[in-house]
Structures are given as structure tokens and as C-alpha cells.
Amino acid sequence: MTVSSVPNIKLLIDGKLVESRTTQWRDVVNPATQEVLARVPFATAEEMNAAVASAKQAFKTWRKTPIGARARIFLKYQQLIRENIKDLAAILTAEQGKTLPDAEGDVFRGLEVVEHAASIGNLQLGELANNVAGGVDTFTLLQPLGVCAGITPFNFPAMIPLWMFPMAIATGNTFVLKPSEQDPMVTMRLAELALQAGVPAGVLNVIHGGVEAVNLICDHPDIKAVSFVGSTAVGTHVYNRATQNGKRAQCMMGAKNHAIVLPDANKQQTINSLLGAAFGAAGQRCMALPVVVLVGEAQSWVPELIEKSRSLSINAGVEAGTDVGPVVSRAALDRISGYIASGIEQGATLELDGRNPEVPGYPQGNFIGPTIFSGVTTDMSIYREEIFGPVLCVITADTFAEAIALINANPNGNGTALFTRSGAAARHFQEEIDIGQVGINVPIPVPVPLFSFSGSRASKLGDLGPYGKQVVQFYTQTKTVTERWFDEDEVVGSVNTTITLK
Ligand code: NAD
């Protein structure tokens, strides 16, 4: 019998990193090399219940911790993330595949939320109305809910966990996080840094697993709210199951984002933006642009789109100058290849075929290069389904109105972008387009944490988005206090059996 030298990923329960007693493990694999980096446990029910129990116990004191003390932990935490950003990015690239600069961006977009959490004192403010009736004041308290939980996807293993637990904890809740089982290593490093920053034992717990862990979170009576980011099928399941159990739920889900290019757009800038958004992170972003609608004369830009796509460098994420790294797994590679085959079969024109690229030094990597289809119609699988790979579908439209109608007819509502030099067209677009996040000459309009992530329609369930101001509402219960004080011996009127406040 050989003893494995691969490290086991720990659970974080009650402030301690503990080895799981499970018999079910999964390998965490480097997508560029197939090297097994670690083994992740599928936690037992006992371990997951212990994590929730620890969070429930910790809530008793954490909810009473002064807001300034909570904020100072996040001031320290942002400093630690900043100091460790290179190491975090290296872990992320190893397990997820994206390029090192993009991995740093992943961490950085999460760091921005941590900075925001450090200003919780200005965010968790109630309202007060003075003298709403004779001598009566009304004010609101925004009080934490208790134990909250988060379930995250593989594609942003730093940013998305950081969308969740910092704001949940800053508002006075305790948290149980279940990262993606495909790439949990950077998330664990971030959890360790949170402990180092002063997050007390039990306030943040991390469990690992898949379906059973997700269902336990949805069902556990001591969990009050669930934040989910991932695919539409799983998010819908989580939303239904969690809300049926009386929990709050917010689910950010799948996408099929379109760009519209008007003929007056700045051509080179637009092509660069389109290719960055279609092929960056190998197309594995929920805000990627996998569909471009070329309007009128912009249809003549296809050869340049193809030509420039050919120049992108496909290589391991650790190699300098890489534009497109490997996709996360063999299963993802097979799924994407299957979609490309279906596009050909269903009659689209394969203008650029990224399958089976030569990547010297990385013969085992899950590589697929930029792939472009033209002649795509809305009945094809490559248009209707989320491919989540570096595949760009080109659609043509005669008019701007036709392009807008096409996007509004698609069920997804995550993001969109318009490329134009016309202010009037841009304003018309922002008013008429039925999508949650709109970019005007901005290809990936993910809002900074002064705002909240705002996907809509089939891309989101639940009213309130992650981070920003909305999440303060999500993670707190509004309590309205109406009060009146009397001077000594003061009596106002007599017994009053009507409902009025006078
Ligand atoms: P996924 O839905 O497969 O996994 C998300 C989480 O759900 C993981 O933690 C996973 O362990 C769990 N899970 C997977 N299958 C499950 C099942 N059958 N039952 C219960 N739980 C299950 O998503 P993914 O592949 O990790 O991530 C990619 C998806 O996430 C894409 O659809 C992408 O658009 C979406 N996404 C959306 C946003 C957004 O903000 N809207 C952001 C990032 C990613």
C-alpha cells in the first residue's frame, strides 16, 4: 500500500482546521497538467452539523460585538489579503487554470468587498423619524439574522466567497461556507487569513462537499439565510428548497450575455473588448460575452474578429503572456467540444476552431482555444445554452431595434454591453434593455461594491443582490421601534380604543 503525499484539505470548524473523518474524497487537479494538488473531503453530516452548531453558539457573542470592533477586523483582513495577493493568485491559478494576472484580479475584486465591509459602520444604519405622532418617534434597527450560509462556484474561487462571508459577518451574523469542490484551496487560504485577521472561532466555518452539503444547508433549521452563486439548475433547486424551509435566499445563476455592436463604434477598441470578454478566463465567467450581435455595416468586422482571435496565446496560466488558459476540468473540455460539434451539426459556420490546440510543455492540459461561429440562429444549442467556454457566437441584425428585441427575448438577464459612439443610442439601450447589468463600451460591467451585483430574470432568484447596500438588507432583519416617553406624572388623554397614534 502506498501512502499518498497529496495534502488533505481541512474543514474549518469552531476556529480549528480539522481533518475530515469521511471516506469520500475527491482530487483537486491542476487543469494545465493534471497534477493532483490536494484531496478535498465530502464532509460527514456530523461534521457539517458541528459547523452549524459552532456558528450558532458564536452568534450569541458576535451579534453583541460593537460595530467598530467588527469593522477593524476587516481593516486588518484587507491588509492581509493585499500582502498575500501573489500567493493567493498562485494557488488559484494552480487549481483553477486562469492566468496569474486574471487570478490576481479575482482576488482583487473580492478584496474590494472586504474594504467595503470595513466601512460597515456607515452601511448598517437605521432610519429615524422624529415626532411621527405627539411625542412619538419611530426608528429602525438592522439586526443580524443568525447563522447564514454560502455556496460558491468554481469560476471565481476567491471573489465569490468574498462577496459573501465578509458582509455577512460584518453585519453581525456568523457563517458556514461551502466552496466549490473543484477548487477549494484558495478559499481555504482566505479563510485562514480571516482567522489571522481576528475573526473569532465559530464566526466563520468552512465545510466541503457536493449535493449532500448543499441540501443540508438548505434544510438545516438553524441556518437563516443562504447565498448561492452557480448554475441555473442548481440555483433554482437551492432557492426552492431553502425558501420552502423558511429561509431567505439569494441565487445568482447562469447567463448568456450578448454584446451589440453598432457600426459607429470605435472599431479596434470594440474588437479588443469583445475578445477579452469572450475568451478571457477561457470563457468561464458569468459575465463573459459569448454572443455578439453585429448591426448593419458592423457585420463586415467578422474577418478582423477572427484574425485577432488567432493571435491570442493559449498556454498554462502560470506562463507569462498567456491570454487563454485551460478550462477547469476534462469534463468541461468534453462539454465544450460537444457544443462545438452540435453547432456544426445544426448548421452554424465554424469560422475558427479552437479544439485540440498545440500547447508545448503542457500536453495533458484541458486546452481549447478561441472558437468562433457565424451564421448562428436562436434555435441552435450553441445559442440557447450556456457553453461556459471560449466559444463566441456571431449573430447579425439589420437594425438596433432588432438586436434589442433579440436580447430581450432571451430568458437570461445577467449582463450585456453596447458598443457605440452615440449617446442617444446608449441612452435608448439602457432604458429598453431588460438585463440587470448594462455596459456602455464596458464589456464586463460587474459593479464595484458601492453598488450591488444586479443580474435579473432567469439569471437570478431573490430580490436582493450580493455585496453593496442590498446585501446589508439581505443579511439583516429590520426591526421598527415606535416609542414615546412621558415626563413624570404626565398623562395624555384617557383610555383610547381606536388605532390612531396621537
Ligand atoms: P454549479 O452550479 O455546478 O456549482 C455551484 C455550487 O453548487 C458548487 O458549490 C457545487 O458543489 C454545488 N452543486 C453542484 N451540483 C449540485 C447539485 N446537483 N445539487 C446541489 N449542489 C450542487 O456551478 P459551477 O459549474 O461551479 O459554476 C459555473 C456556473 O456558475 C455558470 O452557470 C455561471 O454562469 C454561474 N455563475 C454565476 C454567477 C453570477 O453572479 N450570476 C457568477 C459566477 C458563476
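Computed from a prediction, not measured in an experiment: that's the story for all the values here.

### A closer look at the UniProt feature "domain: Aldehyde dehydrogenase" (unreviewed entry) in the protein chain
Cross-referencing UniProt, the feature "domain: Aldehyde dehydrogenase" (unreviewed entry) maps to residues 20–481 in the present numbering. Its end C-alpha atoms 45 Å apart, residues 20–481 is made of 40% helix and 21% strand.

### So, helix H14 (residues 400–409)
An α-helical segment advances 3.6 residues per turn. Residues three or four places apart therefore align on the same side. The complete set of buried residues in H14 reads Phe400, Ala403, Ile404, Leu406 and Ile407. Along the long axis of H14, the arc covered by the buried residues comes to 155°, so they all point the same way. H14 presents Ala401 and Ala409 as exposed residues on the side facing more than 90 degrees away from its buried surface.

### What about empty space enclosed by the protein?
Here the structure, examined in full by the defined rule, presents two cavities of 30 Å³ or more. Approximately 70 Å³ is the volume found for the largest cavity. What lines the largest cavity is Ala255, Lys256, Asn257, Gly283, Arg285, Cys286, Ala288, Pro290, Glu386, Ile387, Phe388 and Gly389. Looking at the lining of the largest cavity residue by residue, the classes come out as six nonpolar, three polar and three charged. Looking at the second largest cavity, its volume works out to about 40 Å³. Those elements giving two or more residues to the lining of the second largest cavity turn out to be helix H4 (100–117) and helix H6 (159–170). The leading source of residues in the lining of the second largest cavity is H4, at three residues. The class makeup of the residues in the lining of the second largest cavity is eight nonpolar, no polar and two charged.

### Considerations on the pairing of strand S16 (residues 391–397)
Buried residues dominate S16, accounting for six of its seven residues. When strand S13 (residues 291–295) meets S16, the two strands line up parallel, connected through five bridges. Bridge pairing in S16 links valine 293 to isoleucine 395. Taken together, the three bridges between strand S15 (residues 371–374) and S16 define a ladder with parallel strand orientation.

### Here's the deal with the pairing of strand S18 (residues 415–419)
Counting buried residues along S18, five of its five residues qualify, which places the element largely inside the surrounding structure. Residues Gly415, Ala417 and Phe419 of S18 are buried on one face, and the alternating residues Thr416 and Leu418, pointing to the opposite face, are buried as well. Pairing between strand S12 (residues 258–261) and S18: four bridges, direction parallel. Paired with alanine 259 across the strands is alanine 417, a residue of S18.

Reading the values: the criteria
Residues numbered from 1 in each chain as written. Predicted model: local features only at pLDDT ≥ 70, side-chain atom pairs only at ≥ 80, totals over all residues. Heavy atoms only, no water. UniProt positions renumbered as here; feature names shortened; annotations may be inferred. Helix = DSSP H or I, 4+ residues; strand = E, 2+ residues; numbered from the N terminus. Buried < 20%, exposed > 50% of the residue type's maximum accessible area, 1.4 Å probe, protein only. Arc of directions from axis to C-beta. 1 Å grid on protein atoms, 1.4 Å probe; cavity = no way out; pocket = protein on both sides within 12 Å on 5 of 7 lines; lining within 4 Å. Points joined across faces, edges and corners; volume = space filled by probe spheres on them. Nonpolar A, V, L, I, M, F, W, Y, C, P; charged D, E, K, R; others polar. Pairing = 2+ DSSP bridges.

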